[in-house]
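Residue strings, one per chain:
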Amino acid sequence: MAAVSGHPASEDGTPGVPPAFREAVEALRGTRLRPEVVIGDTPAPRKLASYAFALTATVEVDGEELADGRLVLLHEPGGHDAWDGEFRLVSMGRAELEPEMGSDPLLGEVGWSWLMDALTQQGARWTEPSGTVTRCSSQYFGGLAEREGSTEIEIRASWTPLRHDLPGAGFGEHLRAWCELLCQCAGLPPAPPTGADPGGSTAGAGTVAGVVPMPTRRRPV
């Protein structure tokens, strides 16, 4: 089971790093995720906020990558007017779909609802959400003419996490919800309900009632 890792913009433990930020990073590092989700390191942006932490995630099945994304935790001590809080989560996720799914007029609404529903199902608390759902269809010509056309969905979103009473509490729920979004984009079935932990591999994962995973296509080699 993967644990979260990454690089804070200000190194963990450096004098002056706010305890709230250290606790949030520790909560993310300690989050247990679905076995299909592989977490990787990535440098954190240094100009978006005073403190930042970033990670990448890929959804892999049988050694094949079906979706990928990046999640950034921003922290501004004293709060940020545009965020309505001291923390902000900024995310990007993308996956390749069956070409015919790109023409679905409800693709944007469905993609956005996956994130909102995942946050709710994981018990996360948030405010001020914003984002975009983009579809991109590609057709190949010339030397690439034999390649099958492809359609990709990209979901970019940001929201302000609302902290729970305990230090660092709540951030793990946001990470699990975002990873569940990636799995939905990859076409995987929803995880077991919140609280279910078969074999310890899906602790805290949740289902999105009534939502059918989007069919995906495997990328050509």
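Everything in this summary refers to the structure shown in the same document.

Thresholds, definitions, all that
- Residues numbered from 1 in each chain as written.
- Predicted model: local features only at pLDDT ≥ 70, side-chain atom pairs only at ≥ 80, totals over all residues.
- Heavy atoms only, no water.
- Helix = DSSP H or I, 4+ residues; strand = E, 2+ residues; numbered from the N terminus.
- Buried < 20%, exposed > 50% of the residue type's maximum accessible area, 1.4 Å probe, protein only.
- Contact = heavy atoms within 4.5 Å.
- Pairing = 2+ DSSP bridges.
- Axes fitted to C-alpha atoms, helices over the stretch in contact; angles between N-to-C directions.
- Arc of directions from axis to C-beta.

As a further point, take unusual backbone geometry. The phi angle at Asp-62 is positive, at roughly 55°, despite the residue not being glycine. Considering the arrangement of structural elements, one finds Asp-62 in the loop between strand 2 (51-61) and strand 3 (64-80).

Relative to the assigned elements, Ala-57 resides in strand 2. Judged by its relative accessible area of 1%, Ala-57 falls in the buried class. Non-local contacts of Ala-57, meaning those with residues more than four positions away in its chain, are made with Val-37, Val-38, Ile-39, Ala-67, Asp-68, Gly-69, Trp-178 and Leu-182.

Reading across the sheet, the six strands line up as 1-2-3-4-6-5 and stay open at both edges, with antiparallel pairing between neighbours. Only two strands of the sheet have a single partner each, and these edge strands are strand 1 (37-41) and strand 5 (126-138). The average angle at which neighbouring strand axes cross in this sheet is 20°, direction not considered. The sheet contact formed by strand 3 and strand 4 (residues 85-97) spans 10 bridges and is antiparallel. Residue pairing across strands places Gly-69 opposite Gly-93, the latter belonging to strand 4.

Of the residues making up helix 1 (residues 19-29), those classed as buried are Ala-20, Phe-21, Ala-24, Val-25 and Leu-28. Angular distribution of buried residues about the axis of helix 1 spans 135°; they occupy a single face of the element. Those residues of helix 1 that are buried are in contact with strand 2, strand 3, strand 4 and helix 3 (171-185).

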